[in-house]
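Read off the chains here:
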Amino acid sequence: VSEVTPHMREIITLQFGHFANYVGAHWWNLQQQTYEQALQHMTREDGDETGMEVNSDITWRSAGTPAVYTPRTIAFDLKGAVRLFHDQIIEKKPAHDDVTTWQGQSQTIVQDAPPAMDGTEAYVANPDSWSQVMFSKLHPKSIYETCDYRHGFDTFDVFSHGLGVFDSSMQARDDIDDRLRFLAEECDSLGGFHVLAETPSAWGGMATRVLEHVRDVFGATSVLTFGISDAPADTVGKPSSSSSHTLNEGLALSMLPSLSSVYVPLHLAPVLDTLGSFRRGSALVALVAYAIDLCTVLSRTYGW
């Protein structure tokens, strides 16, 4: 990745929901591969990178010595949904000391950890999470998991539930604000936000509350939002589920555009789901990521 250029306007990406994070993982992979391919084919003069049109520093951040580049993003998902390879986290979260002031009885409930993932063989054979299809490392502050909803156990399919995650917990608001400010304070000049929001579920409500907070904190900064719809095979043809998804999408469509500079709805037709499980990293998700890449490439070019 090139050195930071003068007057660069960095972009923070926010990803809401498991499916949106799958799309985001493919998008980050595409950006990384595009950069590496361009680097291989461009000419070099005095060790400088020349001929590069896309400035990766706009959407990527660097830290440490030697520098490690990670996406400038926050991925929102349910508790337990993010399963990382051992080498994907660049910094470990500090362990909390045990609380010893409580003198009463206590009970410890331990959830089994997911199997250890050590390399690309596990990634190719059976990815269990969007995080396992990402090539890049992630900073701990690039991940936010809800406390009250668990992946694979709890349903998170009502728009108001997404609103409630932000409204009902001061700790949740503080944690999200801390992540936003952490990424923003690293920027020389914040250029705006890219948002990938899964709209048929409660994530549309969560995205609404976070974007309201973004507007309060960062004012009239540019926000490009992609409302991503999907139709999993297990919900097609079920009236209650279909109606709930339609209602969620309608509520998201009524709120997210007013909080965005540009709102782009992306919809995958239900018939596409018969071609394969695009939720687990198939080519269909990559196509959506490619469409997003085409829509955003101008904002990542030199001189933007």
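Structure shown above.
Residues numbered from 1 in each chain as written. Predicted model: local features only at pLDDT ≥ 70, side-chain atom pairs only at ≥ 80, totals over all residues. Heavy atoms only, no water.

### Remarks on the packing of helix 4 (residues 170-185) against helix 5 (residues 203-218)
Right, on to step 1. At their nearest, the axes of helix 4 and helix 5 sit 11 Å apart, and the two run at 50 degrees to each other. The pairing of helix 4 with helix 5 is recorded here as oblique in orientation. Viewed along their axes, helix 4 and helix 5 form a crossing whose handedness is right-handed. From helix 4, Ile-176, Asp-177, Leu-180, Arg-181 and Ala-184 reach across to helix 5, where they touch Met-206, Val-210, His-213, Val-214, Val-217 and Phe-218. (Axes fitted to C-alpha atoms, helices over the stretch in contact; angles between N-to-C directions. Helix = DSSP H or I, 4+ residues; strand = E, 2+ residues; numbered from the N terminus. Parallel < 35°, antiparallel > 145°, perpendicular 65-115°, else oblique. Left-handed = near helix turned anticlockwise from the far one by under 90°. Contact = heavy atoms within 4.5 Å.)

### Let's talk about helix 5
Right, on to step 1. Compared with an ideal rise of 1.5 Å per residue, which puts 16 residues at 22 Å, helix 5 spans 21 Å between its outermost C-alpha atoms and is within 8% of the ideal.
Right, on to step 2. When helix 5 is considered as a whole, its buried residues turn out to be Trp-203, Gly-204, Gly-205, Met-206, Ala-207, Thr-208, Arg-209, Val-210, Leu-211, His-213 and Val-214.
Right, on to step 3. Once helix 5 finishes, Gly-219 follows within two positions and takes phi at roughly 70 degrees, a positive value. (Expected span 1.5 Å × (residues − 1). Buried < 20%, exposed > 50% of the residue type's maximum accessible area, 1.4 Å probe, protein only.)

### Regarding the nonpolar core
Right, on to step 1. Residues Leu-14, Phe-16 and Phe-76 are the most contacted members of the largest nonpolar core, which totals 33 residues.
Right, on to step 2. Contributions of two or more residues to this core are made by strand 1 (10-16), strand 6 (73-79), strand 7 (143-150), helix 3 (159-167), helix 4, strand 8 (190-198), helix 5 and helix 6 (239-259).
Right, on to step 3. When residues of this core are assigned to their parent elements, the largest contribution, 6 residues, is made by helix 5.
Right, on to step 4. When near neighbours in sequence (up to four residues on either side) are disregarded, Phe-76 contacts Leu-14, Gln-15, Phe-16, Gly-17, Asn-21, Tyr-144, Ile-176, Trp-203, Met-206 and Val-210.
Right, on to step 5. By size, the runner-up hydrophobic cluster in this structure holds 24 residues, among which are Phe-19, Trp-28, Val-285 and Ala-289. (Core = buried A, V, L, I, M, F, W, Y, C linked by side-chain atoms within 4.5 Å.)

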